[in-house]
Amino acid sequence: MGSSEWGTVEAKHQECLEAFVLRARRVEKYSLATDWDALVALTTMQISVIQLENGETRIRQEFPAEEVVESTAARIRPILLNGDACFYQKALGAVGYFCRELPLDTQWVKATRTEWQVRVDPPRRRRLGTGS
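Residues numbered from 1 in each chain as written. Predicted model: local features only at pLDDT ≥ 70, side-chain atom pairs only at ≥ 80, totals over all residues. Heavy atoms only, no water.

What follows is about the packing of aromatic side chains. Inspection of the entire model under this criterion finds three aromatic pairs. Ring plane angle 45° and centroid distance 5.8 Å describe the contact between Phe 20 and Tyr 88, whose orientation is recorded as tilted. In this pair, Phe 20 sits in helix α1 (residues 3–29) while Tyr 88 sits in helix α5 (residues 88–98), placing the two residues 68 residues apart along the sequence. Measuring from centroid to centroid gives 5.2 Å for Tyr 97 and Phe 98, while their planes differ by 80°, and the two rings are edge-to-face. On the basis of relative accessibility, which here comes to 11%, the residue Tyr 97 falls in the buried class. Judged by its relative accessible area of 33%, Phe 98 falls in the partly exposed class. (Phe/Tyr/Trp six-rings, centres within 6.5 Å; stacked < 30°, edge-to-face > 60°. Helix = DSSP H or I, 4+ residues; strand = E, 2+ residues; numbered from the N terminus. Buried < 20%, exposed > 50% of the residue type's maximum accessible area, 1.4 Å probe, protein only.)

Take a look at the structure:
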């Protein structure tokens, strides 16, 4: 690989990390990211069961405000989308590139990429319900 190609590869990885860091900082500054209790509350389903005088039962489920869900999705989505410049796997690949001569760091990057892949795109047999 020539020096001009090497610089291009390095620049590509540098741009990827810069895009990821900008997005990560935006997520970090988000009000829900700074209020752990509020974030956890959104993950808990709120259901109330009401018995009416006429014998009917009503079930009411509380959902987070649409604005909160949309704002959260807008901040997180680019990290999750393969085609985006700040996609998490691309950022990990860039970290791996810059750490390629450090065996422990390389091992950590590979393990982290594998764990991410398992969490967001489990093996096909699992998706089809034929695996564990």
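That covers the picture; the talk isn't over yet.
Further remarks concern the confidence of the model for the chain. The predicted model of the chain averages 85 in pLDDT, with 87% of residues at 70 or higher. Ranking the elements of the chain by mean pLDDT puts helix α7 (residues 124–127) last, at 50, and α5 first, at 93. (pLDDT = per-residue confidence, 0-100.)

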